[in-house]
Amino acid sequence: MTAQTDTPGSVTAVYKVTGMSCGHCEGSVSAEISGLPGVSSVTAVAASGEVTVVSAAPLDEEAVRAAVDEAGFELAGRV
């Protein structure tokens, strides 16, 4: 995974998600979080359980939790 830096007008947050074990898991989590308003990029890594999200403004953690739950996984919190 490459390190992402904030670009002007964007916020990068890293979350810990439990239960991801493969590329399909990564895709499911990425797709659900990508549907949140303002999200421009999502990178999920099953091996580390980390999901990096770039958005126009800080995201509500409960909205992220709901998206991760919808994908069938559990949000452990921010890294």
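Note that the structure is predicted; figures quoted are calculated from it, not measured.

This part takes up the overall build of the chain. Counting its secondary structure elements, the chain contains two helices and four strands. Ordered by position in the sequence, the α and β elements of the chain form the string β-α-β-β-α-β. In terms of its C-alpha atoms, the chain occupies a principal-axis envelope of roughly 35 × 25 × 20 Å. Looking at the 79 residues of the chain, the share that counts as buried comes to 37%. When the accessible area of the chain is evaluated, it comes to approximately 4,200 Å², of which 52% is carbon and sulfur surface.

With that settled, consider the UniProt feature "domain: HMA" (unreviewed entry) in the chain. Sites flagged by UniProt as "domain: HMA" (unreviewed entry) map to residues 11-76. Helix makes up 35% of residues 11-76 and strand makes up 36%, while its end C-alpha atoms are separated by 20 Å.

Pairing between the strands of a sheet comes from backbone hydrogen bonds, and it takes one of two forms, parallel or antiparallel. Taken in spatial order, the four strands of this open sheet run 2-3-1-4, and their pairing is antiparallel. The open sheet has two edge strands with one neighbour each: strand 2 (39-45) and strand 4 (74-78). Strand-to-strand twist of the sheet, defined as the mean angle between neighbouring strand axes without regard to direction, takes the value 25°. In this structure, strand 2 lies alongside strand 3 (residues 50-55), joined through six bridges in antiparallel fashion. Counted as the bridge partner of valine 39 is serine 55 from strand 3. Against the sheet, helix 1 (residues 23-34) makes contact with strand 1 (11-18), strand 2 and strand 3, and its axis sits at roughly 160° relative to strand 2, the strand it touches most.

By the element assignment, serine 10 lies in the segment before strand 1. With residues near it in sequence (within four places) discarded, serine 10 still touches Val54, Ser55 and Ala56.

Attention shifts here to the state of the cysteines. One pass over the structure, following the stated rule, counts zero disulfides. Cysteine 25 supplies the cysteine sulfur nearest to cysteine 22, a cysteine that is in no disulfide, at a spacing of 3.4 Å. We classify cysteine 22 as partly exposed; its relative accessible area is 33%. Residue cysteine 25 is classed as buried on the basis of its relative accessible area, which comes to 8%.

Cut-offs applied
Residues numbered from 1 in each chain as written. Predicted model: local features only at pLDDT ≥ 70, side-chain atom pairs only at ≥ 80, totals over all residues. Heavy atoms only, no water. Helix = DSSP H or I, 4+ residues; strand = E, 2+ residues; numbered from the N terminus. Buried < 20%, exposed > 50% of the residue type's maximum accessible area, 1.4 Å probe, protein only. Areas by Shrake-Rupley, 256 points an atom, 1.4 Å probe, with all protein chains shown as cover. UniProt positions renumbered as here; feature names shortened; annotations may be inferred. Pairing = 2+ DSSP bridges. Axes fitted to C-alpha atoms, helices over the stretch in contact; angles between N-to-C directions. Contact = heavy atoms within 4.5 Å. Disulfide = S-S within 2.5 Å.

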